[in-house]
Amino acid sequence: MVEEDKCFIQRLSWKNITDYHFEYTECDSSGSRWRVAVPNPSAECSGLPDPVKGKECTFSCASGEYLEMKNQVCSKCAEGTYSLGSGIKFDEWDELPAGFSNVATFMDTAVGSAENKANSCNNSSWTPRGNYIESNRDDCTVSLIYAVHLKKSGSVFFEYQYIDNNIFFEFFIQNDQCKEMESTADKWVKLTDNGEWGSHSVTLKSGSNILYWRTTGILMGSKVVKPVLVKNITIEGVAYTSECFPCKPGTYSDKPGSSGCQECPRNTYSEKGAKECTKCKEEIYYAEEGSSACIERPPCTNKDFFQIHTPCDKEGKTQIMYKWIEPKICREDLPDALTLPPSGERKECPPCNPGFYSNASSSCTPCPQGTFSDGTQECKACPAGTEPALGFEYKWWNILPSNMKTSCFNVGNSKCDGMNGWEVAGDHIQSGAGGSDNDYLILNLHIPGFKPPTSVTGASGSELGRITFVFETICSADCVLYFMADINRKNTNVVESWERSKEKQSYTHVISKNASFTFTWAFQRINEGQDSRQFINDVAKIYSITVTNAVDGVASSCRACALGSEQSGSSCVPCPVGHYIEKETSQCKECPANTFLSIHQVYGREACIPCGPGSKSTKDHSACFSDCLVSYVKDNQTLSYDFSNLSQVGSLMSGPSFTSRGTKFFHFFNISLCGNEGKKMAICTDNITDVTLKDMVAESEDFSNFVGAFVCQSTIIPSDSKGFRTALALQSNSLADRFLGATVETALENISVKTDMFPPSPSKVPDVHFFYKSSTATTSCEDGRATVVTVRCNPNKPDQGELSVPSSCPAGTCDGCTFYFVWESAEACPLCTEQDYHEIEGACKKGFQETLYVWNEPKHCIRGVPLPEKRTSTCETVDFWLKVGAGVGAFTAVLLIALTCYFWKKNQKLEYKYSKLVMTANSKECELPAADSCAIMEGEDNEEEIVYSNKQSLLGKLKSLATKEKEDHFESVQLKSSRSQNI
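Since the model is a prediction, treat every value here as computed from it, not as a measurement.

Our next topic: the overall build of the chain. Helices and strands together make up the secondary structure of the chain, namely eight helices and 70 strands. Sorting the 983 residues of the chain into buried and exposed places 44% on the buried side. Long-range contacts, defined here as pairs at least 24 residues apart, represent 65% of the contacts in the chain between residues at least 6 apart. Carbon and sulfur atoms make up 51% of the accessible area of the chain, which totals about 51700 Å².

Following this line, the structure appears as structure tokens:
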């Protein structure tokens, strides 16, 4: 072949490679398609190859192969590349891969303009972090979207980490008509344990599939949510792949036909598409596993080594040893570099922990069963009538106890795998160095079970044991210490967490279920996606850990137990339910009525604690509850209440409230007031889960988001607030798991009712207050939460009535620790008595009289004494006596008129005579001796006596005449006639 022909062929081959590429057409109805040549966007060419019949639409190559389009055959991938055959994988997140997009919005429809909502989320997105992609941390709704067209059905698989229920994480699929697929009808993704990766997979239908990873944060306070992490997204069902994917930096493929790439070992690196890893010059450079480049080693500082204590030797000594943090990345030969301090300094070993003893060896041994020790002496048998108080008390930290382990974990890499997360340090155990600042430093304690003392084995109280630890954190950054609990190795839940530096303090967690527990302390210096080591001196310290009533525990002391009546010796027997140990006889004796048995004290009568007012004990004396009956005596009057019709769970939705960004939410409360034999009927649960309600009820004891109490609370996000299809419930917690009492008084056990929280009752009936307490302490409520439910009589609110919270505290509490509720209902009125009604007598008709009974108005009572029936009694008619009375009255009136006229006429004559006499006596022409010439006129009666009368009323005069003028106020004057004078 001449040289010109060679050049022509070479130019033609170059043109075929650079000017066009091959693609398949869409499949027709018969499942066929064509392979066609398509010019590249920047190429100008002619003479393209003719279309040829392509492979069938469902054809795909095996893993490690690709479809070579020119010849339409499957070929093995070259070294440095890989292929999934019929799938694609996204495991490199240095930047957002092609085909992915971010859409952010503020979904709350309640407040703000659309423009402000859109602008507020401009900077919110999913962020690539190298090996994974991280969701937003705010309360925006951000979707990571990828569209794929499948020729046949397939699946999507991804790994994720989702630990914070304050951010909602959903994965769903839509078709090209924006309708959600049935395969993601339940789109909520499960929470994962802290520091662990979960996996999620969903089937895909052939055709267009639009994949959504959507997160929405709920910021209820100033606390920032933990983001969702996603990695290794794999989509199966792609009909073919026409090329192999190069290995990402830090990985390599040394064989043709690989379906994946391997990670480069430590102190090696690789670039993209590498066939092998290149070693670093270890004296000067280092590289972590999976590195894409070598890093120069810095000079050693005090952040690169740590101190440990060796186990005690036979002389009771321990050595202080210094070790480099592995892997060692620093250099000692550089200027200003520190060298490792000398090791070997010997110190006295701390004593053994309580319940252990030193058997002349370098280690501490648990005391045998039935014995005890304080850690400084030999184990001794418990005296007769006592039993070991089993548990664990770790307060000396020379070696890690056998039921504890420590580890290190990083969500983005494996740099700290194999490292110790915590180190013993004599009188405390502290967090270790780790590989980087964002490592989780893990400390685990496993307890196989809990049980109360032998003498109270039958008790069913709410507390079976407790774990108490003393700790502090010393931080210069935003460190966090988590305390978590795992029940029966099913799921790990955060019990409490502490941020930043905290002074030395104690925390107690109560155990109410006999199950296997693993308690975890996890310390993280910063929660950022960077592998820095700037805060190596930030540390968490735990000084002591105490666990009571542990199944496999040891004893540091003995406690009294009950002895069988027919046994001699020290064998202990379990007391029946609700019995205490009598001190004099060491026998079991039942607690008196209306008392409950303390789980902490079973010895002596004082172990039975009286129930509060208005309460009674359960049959097993494990707790107190209200039977819904309350009595109150005031001013010799007894008010009896029966709240049985309020024993069903009452619910209250308060709000709405809004977060700092305007997200609307409500506080939802369930209240179990009384009755139900003390069962806690109020249930709150989170619905962000893929566990069905049926399964939830069946496994309620193990369901972490299930809360049963007398009073519980959930936070409700309405469906219109974040664009969800249904309202969301989250942050469910118990406000009250212990009933204290019910009384009209306003204080009980250091819980006071603030009388100004609610307006006064319109009725005069006293309110009844129900007092509850939560046994779980929190960081802000050291004594636990308290709840007061005020039950108020209101005849205008029948049946269940209405629950409300104070207007000044719409969340039901103003301090976060004491909650107030008022329950108004006609059923809250006292029972009726005889004093609540009166009688009304009717008229006597035809010899019969009716008596009716009516309630006093307004009526403020229910049920109780019923209203008496109408009473009918005989009576005499009034017609006859009415006639007799009328006749006697008429006769008396006529008689009085006649007598009045008679005496009035007679009185007129007397007055005339008297006036004449007075006029004669005063006349100057007449003298007394001539009385016979001027005293009596011709034609008048000659009477010997004339009566002078004081002037009186007509009635007085009648009285005087009626008594024949013998009263003292009449004046008599005897006049002598001239005839008698002459004589």
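Structure shown, so let's carry the discussion forward.
According to the stated counting rule, one finds 16 salt bridges in the structure shown. One salt bridge in this structure joins Asp333 and Arg331, with 3.0 Å as the shortest N-O distance. For Asp333, a relative accessible area of 57% puts it in the exposed group. Take Arg331: its relative accessible area is 16%, and that puts it in the buried class. The network of salt bridges with shared partners includes Arg129, Glu134 and Arg137.

Let's shift gears to the sheet that holds strand β11 (residues 141–150). The four strands lie next to each other as β8-β11-β15-β13, forming an open sheet whose pairing is antiparallel. At either margin of the open sheet sits one strand with a lone partner, and together these are β8 (100–105) and β13 (167–174). Strand-to-strand, the axes of this sheet are offset by a mean angle of 20°, without reference to chain direction. With six bridges joining them, β8 and β11 adopt antiparallel strand pairing. Looking at the pairing, Asn102 lines up with Leu144 of β11.

Take unusual backbone geometry next. Trans peptide bonds make up most of the peptide bonds, and negative phi angles are found at most residues other than glycine. Here the bond from Glu857 into Pro858 is cis, since omega is -5°, no more than 30 degrees from zero. Positive phi values are uncommon outside glycine, yet Arg500 reaches one of about 60°. Along the chain, Arg500 falls in the loop between β38 (492–499) and β39 (502–511).

Ranked by internal contacts, the top residues of the largest apolar core, which has 40 residues, are Trp422, Leu445, Phe519, Trp521, Ile545 and Val547. Formed by 34 residues, the second largest nonpolar core is a distinct cluster that contains Leu639, Phe739, Val765 and Cys829.

Moving on, we get to the environment of Cys561. Within the secondary structure, Cys561 sits in the loop between β42 (554–560) and β43 (562–563). Given the relative accessible area of 0%, Cys561 is considered buried. Expressed as a C-alpha distance, the spacing of Cys561 and Tyr580, which sit 19 residues apart in the sequence, is 9.3 Å.

For the rest of this paragraph, the subject is the state of the cysteines. This model, assessed by the stated rule, comprises 18 disulfides. Disulfide partner of Cys300: Cys330, at an S-S distance of 2.0 Å. Since a negative S-S torsion denotes a left-handed disulfide, the Cys300-Cys330 link at about 85° is right-handed. With Cys300 in the loop between β23 (295–296) and β24 (305–309) and Cys330 in the loop between β25 (317–324) and β26 (345–348), the pair connects residues that are 30 residues apart, well separated along the chain. In this model Cys628 forms its disulfide with Cys674; the gap between the sulfur atoms is 2.1 Å. Looking down the S-S bond of the Cys628 and Cys674 bridge, the torsion is 100°, so its handedness is right-handed. In this pair, Cys628 is assigned in the loop between β50 (624–625) and β51 (629–634) and Cys674 in the loop between β54 (664–671) and β55 (682–685), connecting sequence segments 46 residues apart. For Cys628, a relative accessible area of 2% puts it in the buried group.

Taking strand neighbours across the sheet as the criterion, the five strands line up as β59-β62-β63-β65-β64 in an open arrangement whose pairing is mixed. Since the sheet does not close on itself, it has two edges, and those belong to β59 (738–743) and β64 (802–804), each with one partner. Neighbour to neighbour, the strand axes of the sheet diverge by 20° on average, direction disregarded. The pairing of strand β63 (residues 786–793) with strand β65 (residues 818–825) spans eight bridges and is parallel. Counted as the bridge partner of Val789 is Phe821 from β65.

Attention now moves to the packing of aromatic side chains. Counted under the stated rule, the structure contains 42 aromatic pairs. Between Phe90 and Tyr146 the ring centres are 5.2 Å apart and the planes differ by 65°, which places this aromatic pair in the edge-to-face class. With Phe90 in strand β7 (residues 87–90) and Tyr146 in strand β11, the pair connects residues that are 56 residues apart, well separated along the chain. Each member of the pair, Phe90 as well as Tyr146, carries the same accessibility label: buried. When the centroid spacing of 5.6 Å and the interplanar angle of 45° are considered together, the rings of Phe469 and Phe471 count as tilted. Overall, the relative accessible area of 0% leaves Phe471 in the buried class.

The next point concerns the environment of Cys611. Structurally, the position occupied by Cys611 is in the loop between β48 (608–610) and β49 (616–617). For the pair Cys611 and Leu740, spaced 129 residues apart in sequence, the C-alpha to C-alpha distance is 7.2 Å.

Mapping Ile163 onto the fold places it in the loop between β12 (154–161) and β13. Between the C-alpha atoms of Ile163 and Val494, which are 331 residues apart in sequence, the distance is 9.1 Å.

As a further point, take the side chain of Arg792. Secondary-structure assignment places Arg792 in strand β63. Of note is the side chain of Arg792, whose polar atom sits 2.8 Å from the backbone oxygen of Pro759. Each residue touching Arg792, except ones within four places of it in the same chain, is listed here: Phe758, Pro759, Pro760, Ser761, Asp767, Val822, Trp823, Glu824, Ser825 and Ala828.

The residue Thr595 is located in strand β47 (residues 595–597) in this model. Exposure remark for Thr595: the relative accessible area of 4% places this residue in the buried category. Engagement of the side chain of Thr595 in a polar contact is seen with the backbone oxygen of Pro592, the distance being 2.6 Å. When neighbours within four sequence positions are excluded, Thr595 is seen to be in contact with Arg605, Cys608, Ile609, Pro610, Cys611, Ser617 and His621.

Below, the discussion takes up a nonpolar patch on the surface. A cluster of nonpolar side chains, Ile840, Leu852 and Val854, forms an exposed patch at the surface whose accessible area comes to about 220 Å². Relative to the helices and strands, Leu852 is located in strand β67 (residues 848–855). Assessed through its relative accessible area of 40%, Leu852 is described here as partly exposed.

For the chain, the mean per-residue pLDDT works out to 79, and 81% of the residues sit at or above 70. Low pLDDT (under 50) marks residues 930–950, which in the prediction has 27 contacts with non-local residues, meaning those over four places away or in another chain. In the predicted structure, residues 964–983 sits below a pLDDT of 50 and forms 25 contacts with residues beyond four places in sequence or in another chain.

The rules behind these values
- Residues numbered from 1 in each chain as written.
- Predicted model: local features only at pLDDT ≥ 70, side-chain atom pairs only at ≥ 80, totals over all residues.
- Heavy atoms only, no water.
- Helix = DSSP H or I, 4+ residues; strand = E, 2+ residues; numbered from the N terminus.
- Buried < 20%, exposed > 50% of the residue type's maximum accessible area, 1.4 Å probe, protein only.
- Contact = heavy atoms within 4.5 Å.
- Areas by Shrake-Rupley, 256 points an atom, 1.4 Å probe, with all protein chains shown as cover.
- Salt bridge = Lys/Arg side-chain N within 4 Å of Asp/Glu carboxyl O.
- Pairing = 2+ DSSP bridges.
- Axes fitted to C-alpha atoms, helices over the stretch in contact; angles between N-to-C directions.
- Core = buried A, V, L, I, M, F, W, Y, C linked by side-chain atoms within 4.5 Å.
- Disulfide = S-S within 2.5 Å.
- Phe/Tyr/Trp six-rings, centres within 6.5 Å; stacked < 30°, edge-to-face > 60°.
- Polar contact = N/O pair within 3.5 Å; in protein donor to acceptor, adjacent residues only side chain to side chain.
- Patch = residues over 30% accessible without salt bridge, like charges linked within 9 Å, V, L, I, M, F, W, Y side chains within 5 Å.
- pLDDT = per-residue confidence, 0-100.

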